[in-house]
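# Residue-level structure breakdown
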Amino acid sequence: ETMVGIAKAEPLGRRRRLFITGVELKDLKQSAGPTAKAEAEVQAKVNSASADTRSSGKPSITSLSVEQAKALQYDLVQRFTDEGFKKKLAELQGTSNKVRGQRQTLILGVQSELLPKYGFEG
């Protein structure tokens, strides 16, 4: 495979692998956490969506602010870099349909627990 540079504003497109240099992930985890304001905004939207869902039967949140989206990304990174999750994922190596299904179930399990916090279906 060939490595190529990506301009700062260039979309990632269909790239599936990235090699990032000059960034300490531990620093990102500590500094990129959601702000209290973003968490409050998310909670307000979720509360509002819950009320709308009770009346209409369908969730009503369709968008997040930049801060809310960052908070969601941060929470996902935290969950997917958790040692317990990484250990379970490492145990599910292989390409059989059974293993792929187990991996998908593991990943969707994290998403289904976390996404409702942001007003999305789990």
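Structural notes, computed from the coordinates. (Residues numbered from 1 in each chain as written. Predicted model: local features only at pLDDT ≥ 70, side-chain atom pairs only at ≥ 80, totals over all residues. Heavy atoms only, no water.)

### Remarks on the overall build of the protein
How we decide: Helix and strand labels come from DSSP, where a helix needs a run of H or I of at least four residues and a strand needs a run of E of at least two; each type is numbered from the N terminus. Each residue is placed in one exposure class: buried if its accessible area under a 1.4 Å probe, protein chains only, is under 20% of its type's maximum, exposed if it is over 50%, and partly exposed if it falls in between. Contacts are assigned to residue pairs that have any heavy atoms within 4.5 Å of one another. Exposure was quantified through the Shrake-Rupley algorithm and a 1.4 Å probe, taking into account, for residues, occlusion by the shown protein chains and nothing else.
Counting its secondary structure elements, the protein contains 5 helices and 0 strands. Each helix and strand of the protein, placed in order from N terminus to C terminus, yields the pattern α-α-α-α-α. Residues classed as buried in the protein amount to 16% of the 122 residues present. Expressed as a percentage of contacts within the protein between residues at least 6 apart in sequence, the contacts between residues at least 24 apart total 55%. Total accessible area computed for the protein in this model is approximately 9500 Å², and 54% of it derives from carbon and sulfur atoms.

### Some words on helix H5 (residues 97–114)
Going by this rule: Multiplying 1.5 Å by the residue count of a helix minus one yields the expected span of that helix. Arc definition: directions from the helix axis to the C-beta atoms.
If you check H5, its first and last C-alpha atoms are 26 Å apart, about what 18 residues at 1.5 Å a residue would give, namely 26 Å. Turning to H5, its buried residues are Val99, Leu106, Val110 and Leu114. Summarising the axial view, the buried residues of H5 lie within an arc of 70°, below the 170-degree limit, and thus occupy one face. In H5, the exposed positions angled more than 90 degrees off the buried face are occupied by Asn97, Lys98 and Thr105. For H5, the elements touching its buried residues are helix H3 (66–80) and helix H4 (83–91).

### Let's talk about the pattern of salt bridges
Close approach of charged atoms lets side chains of opposite charge pair. Selection criterion: Here, a salt bridge means any side-chain nitrogen of Lys or Arg that lies within 4 Å of a carboxyl oxygen of Asp or Glu.
Counting across every chain of the model gives 3 salt bridges. The salt bridge partner of Asp75 is Lys117, with a shortest N-O separation of 2.9 Å. Remark: Lys117 occurs in the segment after H5 and Asp75 occurs in helix H3; sequence separation between them is 42 residues. Taking the relative accessible area as the measure of exposure, Lys117 reaches 38% and is therefore partly exposed.

### So, the packing of H4 against H5
Selection criterion: Structural elements are reduced to axes, namely lines fitted to C-alpha atoms, with helices fitted over the stretch in contact, and the angle between N-to-C directions of any two is expressed from 0 to 180 degrees. For classification purposes, an angle smaller than 35 degrees is called roughly parallel, one larger than 145 roughly antiparallel, one from 65 to 115 roughly perpendicular, and anything else oblique. When the near helix sits turned anticlockwise from the far one by under a right angle, the crossing is termed left-handed; a clockwise turn instead gives a right-handed crossing. Basically, the charged four are Asp, Glu, Lys and Arg, the nonpolar ten are Ala, Val, Leu, Ile, Met, Phe, Trp, Tyr, Cys and Pro, and anything else, Gly included, counts as polar.
Taken N-terminus to C-terminus, the directions of H4 and H5 make an angle of 160°; their axes are 9 Å apart at the nearest point. By the angle between their axes, H4 is roughly antiparallel relative to H5. For the crossing formed where H4 meets H5, the hand is left-handed. Mapping the contact onto sequence places Phe85, Lys88 and Leu89 in H4 and Arg103, Leu106, Ile107 and Val110 in H5. Counted by class, the contact of H4 with H5 contains 5 nonpolar, no polar and 2 charged residues.

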